[in-house]
Every structure is written in structure tokens, then in C-alpha cells.
Amino acid sequence: MSKVALVVGSRGVIGGNLIDHLLDLGDWDVVGLSRRGGPSSAHLRNISVDLLDRTDTFEKLADLSDVTHVFYAAYQDRPTWAELVPPNLAMLVNVVEAIEPVAAGLRHVSLMQGYKVYGAHLGPFKTPAKESDANHMPPEFNIDQQDFLERTQKGKTWTWSALRPSVVCGFGLGKNPMNLTMVIAIYAAMSKELGIPLRFPGKAGAYDTLLEMTDAGLLARATVWAATDDRAANQAFNINNGDLFRWNDLWPKIAAFFDLEVAPPLHLSLADVMADKEPLWNAMVAKHDLEPHPYSDVSSWTFGDFVFGWDYDFFADGTKARRLGFHEFVDTEKMFLSLFTEFRKRRLIP
């Protein structure tokens, strides 16, 4: 049977790596949705759409009758947790309500979530978090999105799944508010350019807590598994690399990759101290013959501050997916170093 994926949020780290994986599998056709659109190829069609505009969404999706799987990974940032709910719920509702009437062969809707479901963004939370944990006090758009999917799916032939990764690490460019790997790479490259050691910029306690990450390639493989394995139907899954780490152990290894010394941590706001670094970035691009990406496309300082501010343990139980058939693991240290190497090959950093 033919498989046609509609990847919503195709230009982000998650959506972009998912598309790469689907195309590598060789038996998928892919339609990517994003505000910016993009080039198309033999098995990939990119569509520019404003998902908050219900009319635009319905018009752009009207002819996608062959879609069999929806992979939803879109996200819009807002200043407060409450303000995140209306736009992020509306985008999902618009996509599902636009595609369901026209795609008669729809089999699955996959929803990308995160540990916000467990209140991980609010402060210390129960670890390891489990998919069966009770919801926390709203507002929380991830929970509202899943509630909508569950209600909409009742009595239908298609199924749903919800993927809950930790911090997703992979290659991705653009105005993406959640790209920790790029944050570290640019921060380290600028530290070297300025001749200063690599200092951990987060809260003092964050240097010593237990964390985990999710490799974008691993997440892509898990997402396709959950969307195509009957055992995973209508369930949520934590997806993580499978190991834990502390920054106090990993940070010196990151510094060594960039040939930098490590100095004691110094808590600072990356959003503040990196705000004036665009001239430095432009000079580095010229000096090292880097790809001429705008500073705004390679920096996610606010997100870096968010992650480096976790002075509490941050991990979830990822065994449910593995019990049901997804058995992959990724070594987090090797993941970071491999991604930095890829960034160099792509001439994103010196």
C-alpha cells in the first residue's frame, strides 16, 4: 500500500530530520508544510502555508487526498505558558479538520509533544517521568492537543500516537527556538574566537543534575515506528537516547572538541550577553569562509538559557516504547561530538 506523509513543521530540527528519514526509507512520498515552504524533489513536495489562517490551511490542503499519515511537529512560541495554548492548538485543529475530509485513506496522526506534559518546564518534577503520570494544572498546550486528537479519533479508522522526546539534538537551521546543539556550537566557536575558556553559562545547580537528550535521527525512527506498528496505536511514548549525563562530566569533553580550556561555571543570560555578537559572527563567517547564514538563524539563546537553567533532574522512563518493539539507543556524548563534526563539514562553524 502507498504511504504518503504530511509533515507539518517541515523546516524545524524535528520535521527536517523526519523528512530525511522518510525519504531514505524509499517507500514514502512526503508533503512538507511550513510558513517558508521550500524546494521540491521527486518524492518531496513543499507547501507554504499559514496554519493559523484556517482558510489558507483548508485551501492548501484541499488536494492532498492521497495522504495516509500526518506527522505534526509544528510549534509557535509565545511569551507565556497560557499564550502558547490558542495558537498551537488552533494549528493542529486546522490541519486535522482540513485533511480528514479529503484524505479517505488516512491511517495515522502523529503528534510531537515533550516533557512539558509532565510539568518539566515549571520546576522539579517526578523522575523518571512515565506516560501514565497524571496531568498537571493547566495551561498546557501539549495536553490540550492530545485531548483534541483523542476526541476526534473516536469511532474513526485512523489511529494516533504522541511522541515525547527530551531536548532534541540534530542539524537544523532557521528561526527555530529549540536547537540546543547549535547554541553550544556557536557559543563554543565564539569563545574560541575571543580567546576565552568555555564556561558553563547555566545555573550553578544545573551543572550537576542528571539529564538526558534525544537524537533527532533516533526520534525520526521512533516516530515512524509508532505510526506504523499496530502495537503503538493510540498511545504516548517517551523517546530518549537511553542514557543519562551531567554537564559537569560532558562539558569538558565538549570544550576539548573545540580545543578550549574549561573555566568554572558562570551563570549568565545568553540572551543578554550574546545580543551584541552579530558583528563577531559576521567577521567569523568571512574569516573562516563559513556558509553565510544570518546570525538570527544560528542562535537560539533564549532556549539555551532555558535548558541550562534546569537545576533539577530532567529525565523520563523510555522503556515503554522499547517494550513494545522500538529498541534503539544513542550514546549522548558521541551524538554531540558527531553533530559538531557535521556542523564543521557543513561549514556552519570553524
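Scroll up to find the structure.
The structure contained in this document is the topic of the report that follows.

Parameters and conventions
- Residues numbered from 1 in each chain as written.
- Predicted model: local features only at pLDDT ≥ 70, side-chain atom pairs only at ≥ 80, totals over all residues.
- Heavy atoms only, no water.
- Helix = DSSP H or I, 4+ residues; strand = E, 2+ residues; numbered from the N terminus.
- Rg over C-alpha atoms; globule rule 2.2 N^0.38 Å.
- Contact = heavy atoms within 4.5 Å.
- Areas by Shrake-Rupley, 256 points an atom, 1.4 Å probe, with all protein chains shown as cover.
- Lys, Arg positive; Asp, Glu negative; His and termini not counted.
- Charge placed at Lys NZ, Arg CZ, Asp CG, Glu CD.
- Phe/Tyr/Trp six-rings, centres within 6.5 Å; stacked < 30°, edge-to-face > 60°.
- Lys NZ or Arg CZ within 6 Å of the ring centre and 35° of its normal.
- Buried < 20%, exposed > 50% of the residue type's maximum accessible area, 1.4 Å probe, protein only.
- Expected span 1.5 Å × (residues − 1).
- Polar contact = N/O pair within 3.5 Å; in protein donor to acceptor, adjacent residues only side chain to side chain.
- 1 Å grid on protein atoms, 1.4 Å probe; cavity = no way out; pocket = protein on both sides within 12 Å on 5 of 7 lines; lining within 4 Å.
- Points joined across faces, edges and corners; volume = space filled by probe spheres on them.
- Nonpolar A, V, L, I, M, F, W, Y, C, P; charged D, E, K, R; others polar.
- Pairing = 2+ DSSP bridges.
- Right-handed = clockwise from strand over helix to strand, strands pointing away.

Before going further, it helps to spend a moment on the overall build of the chain. Scanning the chain from terminus to terminus reveals 13 helices and 11 strands. Taken against the 2.2 N^0.38 rule, which gives 20 Å for 350 residues, the C-alpha radius of gyration of the chain at 20 Å falls within 12% of a compact globule. Projected onto the principal axes, the alpha-carbon positions of the chain cover approximately 60 × 45 × 35 Å. Sequence-distant contacts in the chain: of pairs separated by 6 or more residues, those separated by 24 or more amount to 79%. A total accessible area of about 14800 Å² is found for the chain, and carbon and sulfur atoms account for 54% of it. One finds the centroid of the 34 positive side-chain charges in the chain at a distance of 2 Å from the centroid of its 44 negative side-chain charges.

The subject of this paragraph is the packing of aromatic side chains. The tally for this structure, following the rule as stated, stands at 28 aromatic pairs. Over the ring of Phe329 we find Arg322, and its NZ or CZ is 4.1 Å from the ring centre. The side chain of Arg346 reaches across the aromatic face of Phe171, ending 3.7 Å from its centre.

Attention now goes to the environment of Tyr115. Summarising the element assignment, Tyr115 is placed in the loop between β5 (108-112) and α4 (141-153). What makes Tyr115 buried here is its relative accessible area of 3%. Leaving out residues up to four positions away in the same chain, Tyr115 has contacts with Ala120, Arg164, Pro165, Ser166, Glu212, Asn238, Ile239, Asn240, Phe314, Phe315 and Ala316.

Cis geometry marks the peptide bond from Thr127 to Pro128; its omega dihedral reads -5°. You can see Pro128 is positioned in the loop between β5 and α4. Backbone geometry at Asp289 places phi at a positive 55°, although glycine is not the residue there. Tracing the backbone through its elements, the reader meets Asp289 in the loop between α9 (278-288) and α10 (295-298). Exposure remark for Asp289: the relative accessible area of 52% places this residue in the exposed category.

Over its 13 residues, helix α6 (residues 216-228) runs 19 Å from end to end, which matches the ideal 18 Å to within 8%, given 1.5 Å per residue. Counting buried positions along α6 yields 10 of 13 residues, so the element is predominantly enclosed. Three or more residues of α6 are buried, namely Ala216, Leu218, Leu219, Ala220, Ala222, Thr223, Val224, Trp225, Ala226 and Ala227. Capping of α6 at its N-terminal end is provided by Asp215; its side-chain oxygen lies 3.0 Å from the backbone amide nitrogen of Gly217.

Before going further, it helps to examine the layout of surface pockets. The space that makes up the second largest pocket amounts to roughly 510 Å³. Lining of the second largest pocket is provided by 23 residues; of these, Ser10, Arg11, Gly16, Asp20 and Phe171 occupy positions nearest its centre. Put simply, the parts of the chain that give the lining of the second largest pocket at least two residues each are α1 (13-25), β3 (44-48), α6 and α13 (332-345). Sorting elements by how many residues they give to the lining of the second largest pocket places α1 first, with four residues. Looking at the lining of the second largest pocket, its residues break down into eight nonpolar, nine polar and six charged.

Put simply, side chains in a regular strand alternate between the two faces of the sheet. Most of strand β6 (residues 159-165) sits inside the fold, with seven of its seven residues counted as buried. Along β6, one buried face is formed by Thr159, Ser161, Leu163 and Pro165 and the opposite face, lined by Trp160, Ala162 and Arg164, is buried too. Looking at chain direction, β5 and β6 are connected through five bridges and run parallel. Paired with His108 across the bridge in β6 is Thr159. A crossover links β5 with its parallel partner β6, the connecting element being α4, and its sense is right-handed.

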